[in-house]
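# Remarks on the overall topology
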Amino acid sequence: MLAPFEVLFEGNLPDYPLPTDLKHVYGRLGFSARVVYSNFVSSVDGVVTLGSKPSAGSVISGKYPADRFLMGLLRACSDAVVIGAGTLRATPGHLWTPAHVYPSLATEFTALRSRLGRSAEPGLVVLTASGELDFKHPALTKGAIVITTASGAKKIGDRLPRACELVTMGKGKSLDLGDVFAELRGRGLAVLLSEGGPHVTGQMLEDGLLDEVFLTISPVVAGRADEPRFGMVEGIELLPAKGAWSKLLSARKHGDYLFLRYGFRNV
Ligand SMILES: NC(=O)c1ccc[n+]([C@@H]2O[C@H](COP(=O)([O-])OP(=O)(O)OC[C@H]3O[C@@H](n4cnc5c(N)ncnc54)[C@H](OP(=O)(O)O)[C@@H]3O)[C@@H](O)[C@H]2O)c1
């Protein structure tokens, strides 16, 4: 069994009825009825992607068990996980389920979902403008809602696996993420986890769609040289004029790793 996280600070937050083993490890965790939260692991020097290398998150976290536990727990709390196609392409073989990242607590994750009245596993939502997807990716074979533009849908044609649903929104070059989240809420998906990369996260912040960020600081320095290595947000500039200031909601420690939770709105 994983050693418990050390709670350094915690505000007054919603409290889900976590099964004993999950509560023993993490402590309290819960969300408001309608929320969008994201989860990132970053190096000490702010790197979350490693150029063309696959599975940047795993490399940056060193597959640290407590980080994988938290990934699983955050997935277990959600109605659906939202990613951009960049993250799908960069993570071959991945499944965005709680059990995939922390199999030994799969039963407890399912029990939590059942207590919350959620389906056995969270859904997966993939955003793409280009329509350039690996149609054999196991996450697509398993089933996902793929949301794209009219031209993306043309490119995809009928190549998605049967378990997927293709949703076409708008005629523009890219999706309006406000419309995307409204569509998901209209389907009863109210508690949404974004595991999208820096581009999706940038748009969500710019459009005021992101309520909370879970940020793991891994005790490693990644460095930057020739290839682009992004921080948590790419494609928009916020400071100095529009800095997205947040409130610290909780801080935990596990070994040499820090686990921070920030809120962009009052929760
Ligand atoms: N360290 C971590 O915790 C962490 C977490 C997540 C991801 N990552 C890493 O982040 C890297 C990927 O970064 P990324 O920024 O490319 O990922 P991303 O934001 O998940 O994906 C970007 C892609 O999503 C699609 N997209 C985004 N906004 C869209 C919009 N408004 N309308 C239509 N499609 C839209 C586009 O796909 P198309 O190009 O198909 O049009 C775009 O190229 C990977 O290396 C991954 O491992 C790291």
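Reading the values: rules and limits
- Position labels on residues start from 1 in each chain and follow its written sequence.
- Whole-chain, interface and lining totals are the exception, using all residues; otherwise, since this is a predicted model, local features are given only for residues with pLDDT of at least 70 and side-chain atom pairs are given and counted only at 80 or more.
- Side-chain metrics in this entry use all non-hydrogen atoms of the structure; hydrogen atoms and water are not considered.
- Residues are counted as near a molecule or strand when any one of their heavy atoms sits within 4 Å of it.
- N or O atoms closer than or at 3.5 Å make up a polar contact, with two conditions inside protein: a donor-capable atom paired with an acceptor-capable one, and, for residues adjacent in sequence, both atoms drawn from side chains.
- Residue burial considers only the protein chains on display, and all accessible areas are found by Shrake-Rupley using a 1.4 Å probe.
- Cavity: a set of points on a 1 Å grid over the protein atoms alone where a 1.4 Å probe fits but cannot get out. Pocket: an open set with protein on both sides within 12 Å along at least five of seven lines, its lining residues, like those of a cavity, having an atom within 4 Å of a point.
- Grid points define the cavity or pocket, and a molecule sits in it when more than half of its atoms lie within 2 Å of them.
- Starting at the N terminus, helices and strands are each numbered in turn, a helix being any DSSP run of H or I of at least four residues and a strand any DSSP run of E of at least two.
- Classification used: nonpolar for Ala, Val, Leu, Ile, Met, Phe, Trp, Tyr, Cys and Pro, charged for Asp, Glu, Lys and Arg, polar for all others including Gly.
- For patch building, the residue pool is restricted to those with more than 30% relative accessible area and no salt bridge; the joining distance is 9 Å between like charges and 5 Å between nonpolar side chains (Val, Leu, Ile, Met, Phe, Trp, Tyr).
- Every case where a carboxyl oxygen of Asp or Glu lies within 4 Å of a side-chain nitrogen of Lys or Arg is listed as a salt bridge.
- Should DSSP find at least two bridges between two strands, the strands are regarded as paired.
- Note on geometry: axes are lines fitted to C-alpha atoms, helical ones only across the stretch in contact, with angles between N-to-C directions running from 0 to 180 degrees.
- Any pair of residues with heavy atoms lying within 4.5 Å of one another is described as a contacting pair.
- Burial classification: accessible surface area is computed with a 1.4 Å probe over protein chains only, and a residue below 20% of its type maximum counts as buried, one above 50% as exposed, and the rest as partly exposed.
- Geometric relationships in this document are graded by angle, where less than 35 degrees denotes roughly parallel, more than 145 denotes roughly antiparallel, 65 to 115 denotes roughly perpendicular, and other angles denote oblique.
- The hand of a helix crossing depends on one turn: near helix anticlockwise from the far one by less than a right angle means left-handed, and clockwise means right-handed.
- Grid points are joined across faces, edges and corners, and a volume is the space filled by probe spheres set on the points.

## Comments concerning the site of the ligand
- Close to the ligand lie 26 residues; T87, T128, S130, H199 and Q203 are nearest.
- For the ligand, an oxygen atom lies 2.8 Å from a polar atom in the backbone of V41.
- Here Q203 contributes a side-chain N or O atom positioned 2.7 Å from a nitrogen atom of the ligand.
- Protein coverage of the free-state accessible area of the ligand, which is 910 Å², stands at 86%.
- If you map the ligand onto the pockets, it falls in the largest pocket.
- For the shell around the ligand, the secondary structure elements donating two or more residues are β2 (35–43), α2 (56–61), α4 (85–90), β4 (123–128) and α10 (198–206).
- In terms of residues, the shell around the ligand owes the most to one element, α4, which gives 5 residues.
- When its residues are assigned to classes, the shell around the ligand shows 12 nonpolar, 12 polar and 2 charged.

## Things to note about a nonpolar patch on the surface
- Nonpolar side chains collect at one region of the surface, where L8, F9, L248 and L258 lie side by side and expose about 320 Å² of accessible area between them.
- Within the secondary structure, F9 is located in strand β1 (residues 6–10).

## Observations concerning the sheet that holds strand β3 (residues 80–84)
- Strand order in the open sheet made by the 10 strands is β1-β9-β10-β8-β2-β7-β3-β4-β5-β6, with mixed pairing throughout. One side of each edge strand has no neighbouring strand; the edge strands of this open sheet are β1 and β6 (165–168). Adjacent strand axes in the sheet meet at a mean angle of 20 degrees when their direction is disregarded.
- Looking at chain direction, strand β5 (residues 145–148) and β6 are connected through 4 bridges and run parallel. Considered in β6, the bridge of V146 is made with L166.
- In this fold α10 packs onto β2, β3, β4 and β7 (191–194), with an angle of close to 135 degrees to the strand it touches most, β2.

## Let's talk about α10
- Within the sequence span of α10, burial applies to P198, V200, T201, G202, M204 and L205.
- Where α10 is buried, its residues contact β2, β3, β4, α9 (177–186) and β7.
- Remark: G208 follows α10 within two positions and exhibits a positive phi of approximately 65 degrees.

## Observations regarding the side chain of R118
- By the secondary structure assignment, R118 is in the loop between α6 (106–115) and β4.
- At 2.9 Å, the side chain of R118 forms a polar contact with the side chain of Y16.
- Side-chain polar atoms of R118 contact the backbone oxygen of C77, separated by 2.9 Å.
- If we skip the residues at most four places from it in the chain, R118 touches Y16, C77, S78, D79, R113 and V191.

## Some points on the packing of helix α3 (residues 65–77) against α6
- Running from N to C, α3 and α6 cross one another at 25 degrees; their axes reach a closest spacing of 9 Å. By the angle between their directions, the pair α3 and α6 is classed as roughly parallel. Relative to α6, the crossing made by α3 is right-handed. Contact residues: α3 offers F69, G72, L73, R75, A76 and C77, while α6 offers F109, L112 and R113.
- A class-by-class count of the residues in the contact of α3 with α6 yields 6 nonpolar, 1 polar and 2 charged.

## Remarks on the pattern of salt bridges
- Tallied over the full model, the rule gives 13 salt bridges.
- In this structure, R252 engages E10 in a salt bridge whose closest nitrogen and oxygen atoms are separated by 2.8 Å. In this pair, R252 sits in strand β9 (residues 247–254) while E10 sits in strand β1, placing the two residues 242 residues apart along the sequence.
- Here R187 ties to E183 by a salt bridge, and the two come within 2.8 Å at their closest N and O atoms.

## Remarks on the pairing of β7
- Side-chain alternation along β7 places V191 and L193 on one buried face and L192 and S194 on a second face that is also buried.
- Pairing of β2 with β7 involves 4 bridges; the strand directions are parallel. Counterpart to Y37 in the pairing with β7 is L193.
- Pairing of β3 with β7 involves 3 bridges; the strand directions are parallel.

## Digging into the layout of surface pockets
- Looking at the largest pocket, its volume works out to about 1200 Å³.
- As for the largest pocket, its lining consists of 49 residues, and the residues nearest its centre are G86, T87, E195, G196 and G197.
- Of all the secondary structure elements, the ones that give two or more residues to the lining of the largest pocket are β2, α2, α3, α4, α5 (98–101), β4 and α10.
- Ranked by the residues each element gives to the lining of the largest pocket, the list is headed by α4, at 5 residues.
- Its residues placed into classes, the lining of the largest pocket shows 20 nonpolar, 22 polar and 7 charged.
- Around the second largest pocket sit S42, G46, V48, V213, L215, I217, G231, M232, V233, S246, Y262 and F264, which together line it.
- Broken down by element, the residue count for the lining of the second largest pocket peaks at 3 residues, all from strand β8 (residues 212–218).

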